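Inside the fold
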Amino acid sequence: MVSSDQATQCVWFKRDLRVEDHRPLVEAGKRGPIVALFIIEPEVLNAPDYDALHWQFQSESLQDLQASLADLGVGLLIRRGRAAEVLESVREKYGFEFLWSHEETGNEVTFHRDKSVGKWAKEKGVTWTEFPQNGVVRGLRDRDGWSKLWGERMKHAPLPKPDSLSSPYKGTSKIPVLPTENSYSWKRSVDLRGGETAARHVLESFVGGRGQGYRRKMSSPVAAYDACSRLSPYFSSGCLSIRSAVHRVRLAMGDSIPASDGRSFLSRCHWHCHFMQKLESEPQIENRSFNRSCEGLRPMDPDPTRMTAWENGQTGYPFLDACMRALRTRGWINFRMRAMLVSFAAYDLWIDWRSFRDFLARQFIDYEPGIHFSQIQMQSGVTGINTLRIYSPVKQGLDQDPEGVFVKQWVPELAGLPTDYIHEPWRAPASVLSEADVIFGKTYPRPVVDHKEAVKFARGEFGKLRRKDEFWTEAKRVNKQHGSRKSGERRPKRSKKKEETQQQEMVLWS
């Protein structure tokens, strides 16, 4: 417990809604009584990438944080408004001169927010100290040595929560029900609850047995809801630190969770930070393609009919539609299926990634800007350092849902079809369709595009682009700044046999 004559400190909670492994809370608590603050920011809530889905999870997390802080003797002060203005009003009331928080790699809105807070702090003589909370490194010029830095951060044990704290504010702020203009556009049924307590429970269930078979089961949506860790929303909201999960899984490997499954999970924790680092190093990728020669490749105004069909799970490709409907209802789907959804929009429908970026962000309960922008661009083929990943919805369905269990659950209008036709209903004889009450154009649509023809067109357009020197110049620049130094992303090289090399690089993930 600190003495009463020490200076008041302010701990600004953002996307770090926890008390364990929270260095700003620990460091501030050593130096004086603290004001724990969370700011509800209208600019964030009403941004095009924010949804009521996110607020529901965040509000549950705030409730849990309130309870945890109360146990430590601190009330969570919740205020609404622009960050710098709220901080000033809190400073005027409580007289703090030190502000503590975690670094944040967010979207353009929070980037400019932090700049304005930095300006305010300088003007008011407030010392603002930020700490990293994951493997993202500020001020990194390129990726040389980044993996080593990530490993160094992850090897340190997570910080325990403080034993007790002192605070001039011990009240209970009311958490609004829905302080955002963005409301549910789909009937949600989310199976994860926000908060550090829930995060710990999900983590323990994963290492305690649920993660067995993780490596094998995570690709199929039939098994992924149980077999995947399901920790991503807790990482993105900060209810659980990456380091805490890494340490817990390492302790369990070879015991309650097979070593191979544990290693696979740890690899994905590494990739989690790897993709966030891209946005940290180049914030412009939120609005601009990594490889600038890809600008203008696709039209900026998509066909509204096709776009709507994709958004609503009405493309005529059953497995794809099932994945979209499941995502919109549950707020989560496994990575491979996310990649397939993006692939279809980018290659089959030839839609620019910026046209569906925000829509998908609103569907993901675990929306993390750094991962989101990087992955959507990678799956759209505009990085210049990755092979094209074009998924066949039919083949994915046959591979990941061979019995059509997932399709029949989420596309019930096809539930009467025999398994042989569930992924390709257009192949079914008229008598089979009639018996299953399937009427194309009425109960279920025909495919909005021909997959083979669409892929042929997309490959042709990328082939033209890759014959330009500008593409390869950009690819080298992107690789130097963002490319992995371990695996997964090539250092681009041009063969003397350009055409042959380009065809080899046009690898399709079907």
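Up top is the structure these notes are about.
To start, this report covers the structure provided alongside it.

This next bit is on the overall build of the chain. Secondary structure assignment for the chain yields 23 helices and five strands. The C-alpha atoms of the chain give a radius of gyration of 24 Å, which matches the 24 Å a tight globule of 510 residues would have. If one aligns the C-alpha atoms of the chain with their principal axes, the spans along those axes are about 80 × 55 × 45 Å. Within the chain, the fraction of its 510 residues that count as buried is 59%. Side-chain charges in the chain split into 77 positive and 64 negative, and the spacing between the mean points of these groups amounts to 4 Å.

Our focus in this paragraph is helix α11 (residues 242-252). With eight of 11 residues buried, α11 is to be regarded as a mostly interior element. Every buried residue belonging to α11 is among Ile242, Arg243, Ser244, Ala245, Val246, His247, Val249 and Ala252, and all of these are buried. The elements touched by buried residues of α11 are α6 (146-155), α7 (196-210), α10 (232-237) and α12 (259-281). Note on α11: the residue one or two positions beyond its end, Gly254, has a positive phi of about 85°.

Of all hydrophobic cores here, the largest spans 126 residues; its most connected members are Phe13, Tyr234, Trp310 and Phe356. Considering each element in turn, this core owes the most residues, nine residues, to helix α15 (residues 335-348). Excluding its chain neighbours within four sequence positions, the residues that come into contact with Trp310 are Thr315, Leu320, Met324, Leu341, Phe344, Ala345, Leu349, Phe356, Phe359 and Leu360. Ranked by size, the runner-up nonpolar core spans 20 residues in total, among them Ile39, Leu77, Leu87 and Phe96.

With that out of the way, let us pick up the pattern of salt bridges. Summed over all chains, the structure comprises 37 salt bridges. The shortest N-O distance in the salt bridge between Arg31 and Glu27 comes to 2.9 Å. Of this pair, Arg31 and Glu27 both sit in helix α1 (residues 23-31), four residues apart, which is roughly one turn of the helix. Classification of Arg31 by relative accessible area gives partly exposed; the value is 38%. Measuring nitrogen to oxygen at the nearest pair gives 3.1 Å for the salt bridge that ties Glu461 to Lys464. Of this pair, Glu461 and Lys464 both sit in helix α21 (residues 451-465), three residues apart, which is roughly one turn of the helix. Taking relative accessible area as the criterion, Lys464 reaches 45% and is therefore assigned partly exposed. Among the ionic contacts, a cluster of salt bridges with common partners joins Lys14, Arg15, Glu41, Glu104, Arg113, Asp114 and Glu368.

Thresholds applied
- Residues numbered from 1 in each chain as written.
- Predicted model: local features only at pLDDT ≥ 70, side-chain atom pairs only at ≥ 80, totals over all residues.
- Heavy atoms only, no water.
- Helix = DSSP H or I, 4+ residues; strand = E, 2+ residues; numbered from the N terminus.
- Rg over C-alpha atoms; globule rule 2.2 N^0.38 Å.
- Buried < 20%, exposed > 50% of the residue type's maximum accessible area, 1.4 Å probe, protein only.
- Lys, Arg positive; Asp, Glu negative; His and termini not counted.
- Charge placed at Lys NZ, Arg CZ, Asp CG, Glu CD.
- Contact = heavy atoms within 4.5 Å.
- Core = buried A, V, L, I, M, F, W, Y, C linked by side-chain atoms within 4.5 Å.
- Salt bridge = Lys/Arg side-chain N within 4 Å of Asp/Glu carboxyl O.

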